[in-house]
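Topology and contacts: notes
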Amino acid sequence: VWVDLQEKGLQDSARVSQFGDRLLIWLRKPWTLQPGVEEPAGSLLSVGVDDFCEKGAAGASFQVLFKPTSRTSLDAFEMTKNYLMLQVLDTVKSRIQFWRWDAQARLFTDEGAEAQAAIRGTGVKPLDSEDSDEYFLVTNSFLEPSTLSLSDASKGPSGVL
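First, a word on what this report is: a plain description of the structure on this page. (Residues numbered from 1 in each chain as written. Predicted model: local features only at pLDDT ≥ 70, side-chain atom pairs only at ≥ 80, totals over all residues. Heavy atoms only, no water.)

Side note on the pairing of strand β13 (residues 147-152)
- The sheet contact formed by strand β12 (residues 134-140) and β13 spans 6 bridges and is antiparallel. Along β13, the bridge assignment pairs valine 138 with leucine 148.
- What sits between the antiparallel neighbours β12 and β13 is a turn of 6 residues. (Pairing = 2+ DSSP bridges. Helix = DSSP H or I, 4+ residues; strand = E, 2+ residues; numbered from the N terminus.)

Below is the structure:
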């Protein structure tokens, strides 16, 4: 059955991705989900596809995966088989945050972020997002040459070299 997500209350400016049976919604404008509950522009939300299609934006249960602050913003995110990796800018320094999908709880679990944000460019690309949690990490800075590493998201922040 085809469902128009905008008729269910989805913003037309939001970027939408899918992770299993979840919608990942990256907001470009503030969004009032329920009276008194507004998520700011730049937030990343997770919601069950069926929950959203049945109840719409006002009735569905959302999980906030990222909410920007005065010093942080979401630069990008990538998915592996069981993990979501957020590339966060923290006062213009980069940091990678890991979320693990818990299929039984039907929620993402925060697996942590790098302890210190670093002045560097980063790029994260999954090796095979359907069958593996491995990913390529590309880093570069003014003082070090570009580096390509292979890591596993299941190692969380300790896997980032």
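Some thoughts on the packing of aromatic side chains
- Scanning all chains against the criterion turns up 7 aromatic pairs.
- Taking 5.7 Å as the distance between ring centres and 65 degrees as the angle between the ring planes, the aromatic pair formed by tryptophan 26 and phenylalanine 77 counts as edge-to-face. One end of the pair, tryptophan 26, is in strand β2 (residues 22-26); the other, phenylalanine 77, is in strand β7 (residues 72-79), and 51 residues separate them in sequence.
- Of the residues examined, tryptophan 26 reaches a relative accessible area of 7% and is grouped as buried.
- One aromatic cluster in this structure is built from Phe19, Trp101 and Phe108. (Phe/Tyr/Trp six-rings, centres within 6.5 Å; stacked < 30°, edge-to-face > 60°. Buried < 20%, exposed > 50% of the residue type's maximum accessible area, 1.4 Å probe, protein only.)

What to know about a nonpolar patch on the surface
- Together, Leu127, Phe136, Val138, Leu148 and Leu150 give the surface a local cluster of nonpolar side chains, amounting to about 430 Å² of exposed area.
- Those elements giving two or more residues to the nonpolar patch turn out to be β12 and β13.
- Examined against the element boundaries, valine 138 turns out to sit in strand β12.
- Judged by relative accessible area, valine 138 falls into the partly exposed class, the value being 34%. (Patch = residues over 30% accessible without salt bridge, like charges linked within 9 Å, V, L, I, M, F, W, Y side chains within 5 Å. Areas by Shrake-Rupley, 256 points an atom, 1.4 Å probe, with all protein chains shown as cover. Salt bridge = Lys/Arg side-chain N within 4 Å of Asp/Glu carboxyl O.)

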